[in-house]
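Results of the structural survey
Below are the chains, spelled out letter by letter.
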Amino acid sequence: MSSENDRGDSGAEGALPEQLAFIRETVRRSKAPRAKPRTWRGAALAKDLPVARVLVDKGVLHLDRYFDYAVPEELDADAQPGVRVRVRFGAGRHRVRDGRREGGGLIDGFLVERRAESDYAGPLAALAQVVSPEPVLGEELLRLARSVADRYAGSLADVLQLAVPPRSARAEQRPSPEPLPPPAVPEAGSWTRYEQGAAFLEALASGGAPRAVWNALPGPEWSTELARAVAATLASGRGALVVVPDGRAAARVDAALTSVLGEGRHALLTAEAGPEKRYREWLAVRRGSVRAVVGTRAAMFAPVRDLGLVVIWDDGDDSHSEQHAPQPHAREVLLLRAAQDKCAFLLGSWSCTVEAAQLVESGWARPLVAPRPQVRETAPLVRTVGDQDLARDEAARAARLPTVAWQVVRDGLRDGPVLVQVPRRGYVPRMACANCRAPARCRHCAGPVEAQDAGALRCGWCGREESSWHCPDCGSFRLRAQVVGARRTAEELGRAFPAVPVRTSGREHVLDTVPGAPALVVSTPGAEPVAENGYAAALLLDGWAMLGRPDLHAAEDALRRWIAAAALVRPQREGGTVVVAAEPTLRPVQALVRWDPVGHAVRELAERAELGFPPVSRMAAVSGTVEALAEFLGTVELPPEAEVLGPVPLPVTPAAAAGRPRRPGAPPPGEQWERALVRVPPGRGAALAAALKSAQAARMARGSGQPVRVRIDPPDIG
DNA sequence: AGCACGCCGACT
DNA sequence: GTCGGCGTGCTC
């Protein structure tokens, strides 16, 4: 299916049109390639392979090519492929002084290749300096970075900035430890709970490259199961890489790896470590001293030797999306790695994203699931509280908490801690059917219907006015804005149970664990502490806030967050109960009750295919001022199948926000920007990225003042 | 992006 | 003649 095609044609063998054009041009111009590079009044050059191909470390797209430099004799030994170099670069003030060319700034780069001769017809400048003889950019990493740049219409230099950590001389001086021999093949352990669990481990241990989408059972065993998969891969003599969404998850996997493998066999790569320690760990991996890595998203590029397995945990968490250009997603990067290195792939989660379901649907990966009785055995009981219950229950309505919920909390507090999940502030209210709460969508392109200041309705994607909306599901003509507001509920809850301590975990202050004693634990999604022996009960409040957004991911996100909280609750047989405040007829609510995130994702996938949504189609967002965007859309040569939606105006950033850091892709404060979406059918993702990249490159080269931002797989469509 | 080169108008 | 306007194009 689509994703496979895209991975195929964005691979190393497929050169982009502008690259081809460049190559053709260079070949034409240099009629007779010189046997030896001619420098400015030749200083002594390396005898063997006197040309260094250099990637200049500038993110600008039209410089996204290699440049040749001459290798002076004294740098010959150090100037090996993969090392960091400094070169003079820029058309500026070329003066020839003492037989050497000067001027142009000194700029960092990577030496990519040593060659006998150059395609470049002109005289070569010499390498100014080898920053360090440590080879940091290997062939595989370079190939990966190239694929990622192509996939995301970004520059190679930008990707390398994400992939290669900044240098620390002190870290380089420290020798890395001696590598340990491969460990023994681990026991299957709790993997036997899954139908293909033991077989998956065996395949890894025997050097195979199985690819699986793993729907993990609720509970704390997942990190040990991950560690066993890593151990099995190491036992086969290969390396393994695990990417998790945050530092807490990384710490859990780190602990599990230590207990399964012992000390010294794996590295922990997280931002928390600080630059020097982090580079030291990275170097230990790169040098082959350490064969296994766990880390947060930057670790997706970790240069693991002889990679046998890549793992991503909880791919639906948005921290897997890199914030820096070109904003690659860890799942997509690991997919590229699995394809490039022909290694095993494991995507694990308590929940299931549409993208994960697609990997199974297309046949690229196999499902790794537990049999239904095992799921029922492990999951808590889930009860729902909808509007009907609230309406019937006048007293509860005032407190925003129905009787069922009170009872569950009260009963739970007799046995242990009770988790209360409240939504974070700041959800954008959007329009939904007042009757059945289905998000209101545009009839033409299925984008989200938004309320304007004047009260008019308009599509957030194509900008069409919506004057006669009615709900396609239930026929209602009434719309409502979704409202958020919940923190108070938790406070009231605390007052209602005065004898019980209330602990909170949220953005500013995240608790890692809580003891098994009775307590109310109030948390925002993603910050839920793990309870010793599991929570006795959980209360998931204000489902509307999560479901109300007609964001593509609204239902999936809500389900993922509920499941993430509910997975910390004891199994039903131990009395574990979850109450979710949401209409029981809604699809994600039903999926939670049945504990069937995979079924939910499969149905969402079918719907996305029907509506032409990602990941079945591929989308890109292009934004800029009205003029800049119009000009860009006028010049870009999109593949014929491409469909342009919009442009529509983006909300103006208040000028008061000037001091604060802006989200990447957001317009500068006070400027009116527009955004268009471009979508292409399955298999044309690479062509779309290439077209956008070359249009962007042409634009930058022209230096036409106003910027245009291009974002592949925009996360916030709708 | 910088920064020079180039090919046209008013100036010592 | 030449100083300098910034349009155009290159950076190994």
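Residues numbered from 1 in each chain as written. Chains lettered and ligands numbered in written order. Predicted model: local features only at pLDDT ≥ 70, side-chain atom pairs only at ≥ 80, totals over all residues. Heavy atoms only, no water.

Going by what an unreviewed UniProt entry lists, chain A is known as Probable replication restart protein PriA and is assigned to Streptomyces cadmiisoli. Among the UniProt annotations of chain A, the heading Subunit (unreviewed entry) holds the following wording: "Component of the replication restart primosome." UniProt, in its Function (unreviewed entry) section for chain A, records the words "Initiates the restart of stalled replication forks, which reloads the replicative helicase on sites other than the origin of replication. Recognizes and binds to abandoned replication forks and remodels them to uncover a helicase loading site. Promotes assembly of the primosome at these replication forks." (UniProt positions renumbered as here; feature names shortened; annotations may be inferred.)

1. Thoughts on the sheet that holds strand β11 (residues 292-295)
One open sheet holds the seven strands; their spatial order is β10-β11-β9-β12-β13-β8-β14, and the pairing between them is parallel. Of all strands in the sheet, those with a lone pairing partner are β10 (266-269) and β14 (366-368), marking the two edges. Neighbour-to-neighbour, the strand axes of the sheet open up by a mean angle of 15 degrees, direction not taken into account. When strand β8 (residues 211-215) meets strand β13 (residues 344-349), the two strands line up parallel, connected through five bridges. Its bridge partner lying in β13, W214 is registered against G348. (Pairing = 2+ DSSP bridges. Helix = DSSP H or I, 4+ residues; strand = E, 2+ residues; numbered from the N terminus. Axes fitted to C-alpha atoms, helices over the stretch in contact; angles between N-to-C directions.)

2. Some remarks on the packing of aromatic side chains
For the structure on display, the rule yields twelve aromatic pairs. Clustering of aromatic rings is evident, with ring pairs tying together W191, Y194, F200, W214, W222, W313 and W350. Stacked on the ring of Y152, the Lys or Arg R151 has its end atom at 4.7 Å from the ring centre. Lying across the ring of W364, R211 places its NZ or CZ 4.4 Å from the centre. (Phe/Tyr/Trp six-rings, centres within 6.5 Å; stacked < 30°, edge-to-face > 60°. Lys NZ or Arg CZ within 6 Å of the ring centre and 35° of its normal.)

3. Quick look at the pairing of β10
For β10 and β11, the ladder comprises four bridges, and the chain directions are parallel. The residue bridging L269 from the neighbouring strand is G295, located in β11. As a crossover connection, the stretch from β10 through helix α9 (residues 275-286) into β11 is right-handed. (Right-handed = clockwise from strand over helix to strand, strands pointing away.)

4. Topic: the pattern of salt bridges
Counted by the stated rule, this structure contains 36 salt bridges. With a shortest N-O distance of 3.5 Å, R53 and D119 are connected by a salt bridge. With a gap of 66 residues between them, R53 in strand β1 (residues 51-56) and D119 in the loop between β6 (105-115) and β7 (129-132) connect regions that are remote in the sequence. Its relative accessible area of 13% is what places R53 among the buried residues. The exposure class assigned to D119 is partly exposed, which follows from its relative accessible area of 35%. Taken together, the shared-partner salt bridges in this structure form one network comprising R151, D315, R331, E332, E355 and D713. (Salt bridge = Lys/Arg side-chain N within 4 Å of Asp/Glu carboxyl O. Buried < 20%, exposed > 50% of the residue type's maximum accessible area, 1.4 Å probe, protein only.)

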